[in-house]
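Residue-level listing of the chains:
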Amino acid sequence: MTTRVACLGDSLTRAQLSVDYLDLLERRRPPGDVRLARFGVNGDFAYNLLRRLDPVVADPPDVITVLIGTNDARASLPGHPVERTMKRKHLPERPSAGWFQQCLGAVVERLRKETDATIGLLSLPVLGQQLDGAPVQASEAYSRMIAEVAAANDVAYLPLHERQVEEVRLADPPPIPYREPTPAAGVGVLLRTAVLRHSLDTISRRRGLLLTTDHIHQNSRGAALVAEVIDAWLPIRGAQPVPAA
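The following paragraphs examine the structure supplied in this document.

Definitions and cut-offs
Residues numbered from 1 in each chain as written. Predicted model: local features only at pLDDT ≥ 70, side-chain atom pairs only at ≥ 80, totals over all residues. Heavy atoms only, no water. Salt bridge = Lys/Arg side-chain N within 4 Å of Asp/Glu carboxyl O. Helix = DSSP H or I, 4+ residues; strand = E, 2+ residues; numbered from the N terminus. Buried < 20%, exposed > 50% of the residue type's maximum accessible area, 1.4 Å probe, protein only. Axes fitted to C-alpha atoms, helices over the stretch in contact; angles between N-to-C directions. Left-handed = near helix turned anticlockwise from the far one by under 90°. Contact = heavy atoms within 4.5 Å. Nonpolar A, V, L, I, M, F, W, Y, C, P; charged D, E, K, R; others polar. Pairing = 2+ DSSP bridges.

**So, the pattern of salt bridges**
- A complete count under the given rule lists 17 salt bridges for this structure.
- With a closest N to O distance of 2.1 Å, Glu 180 and Arg 74 form a salt bridge. Of the two residues, Glu 180 is situated in the loop between α9 (160-171) and α10 (183-194) and Arg 74 in helix α5 (residues 70-74); the sequence distance between them amounts to 106 residues.
- A salt bridge links Glu 83 to Arg 94, with the shortest nitrogen-to-oxygen separation between them at 2.7 Å. Separated by 11 residues along the polypeptide, Glu 83 in helix α6 (residues 82-88) and Arg 94 in the loop between α6 and α7 (97-114) bring together distant segments of the chain.
- A residue is classified by how much of its surface remains accessible, and Glu 83, at 54% relative accessible area, is exposed.
- A relative accessible area of 48% places Arg 94 in the partly exposed class.
- Connected through shared salt-bridge partners, Arg 163, Glu 166, Glu 167, Arg 221 and Glu 228 make up one network.

Shown next as structure tokens:
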């Protein structure tokens, strides 16, 4: 029997600038085991996701995964163009940790109320690759908030952040300083992949990055860890939720 899975998120789920973890997840399962639906929008905050749940609840899947919060975490970092981001994403207030938790909680509340799906909240991919740096600490802090929302709403918590931290620690990559990607940089990546036929992994390798192409968007290694964490949880759907950390 095919399990219908809706994957909710931002650009990591949209997979224009990231390697497609949905494709990697499908490859990990037996043929016909899952049918994946993509609900990813570039640049989305938890607030934006909350406002676009209608298509998900209109045709409820069996399983829902939620990977959101990277942009909320980025907005907490010094140097992030918050005002420009607020205008571009039509945010009614300045991003904050409290507002993120509120919006994510409302996402889960609506999904639980209007679907019978088994829900899993993924913690965030690692921002950057300096484990003692502010970007990684921000992704860790927001991942703890995701764990709190999962526990409060009795849904599964999927430890992607923890898995990626382990990968970075074991590989001990060079301490490439974190740089906030610009819209122009994103266009540049699209041009390099479309015109020059450079793979995202080639871009990542040339920049000395372990899991990402630009400290945020996932290369094959990073996306494989997303798929791995989801895949490890999917067989226990319908059982008791994984306790939040």
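Text resumes after the structure shown.
**Considering the packing of α7 against helix α8 (residues 134-153)**
- Remark: α7 packs on α8, axes separated minimally by 10 Å, with the N-to-C direction vectors making an angle of 35 degrees. Relative to α8, α7 is oriented so that their crossing is right-handed. Across from Ala 97, Phe 100, Gln 101, Leu 104, Gly 105, Val 108 and Arg 112 in α7, the residues of α8 making contact are Tyr 142, Met 145, Ile 146, Glu 148, Val 149 and Asn 153.
- Taken together, the residues that form the contact of α7 with α8 break down as 8 nonpolar, 3 polar and 2 charged.

**Some points on the sheet that holds strand β5 (residues 156-158)**
- An order of β2-β1-β3-β4-β5 is seen for the 5 strands of this open sheet, with the pairing classed as parallel. Each edge of the open sheet carries a strand with a single partner, namely β2 (34-40) and β5. Between one strand axis and the next, the sheet turns through 20 degrees on average, direction left out of account.
- In this sheet, strand β3 (residues 63-67) lies alongside strand β1 (residues 3-9) in parallel orientation, the contact comprising 5 bridges. The residue of β3 that forms the bridge with Cys 7 is Thr 65.

Distances and angles like these do not, on their own, reveal function.
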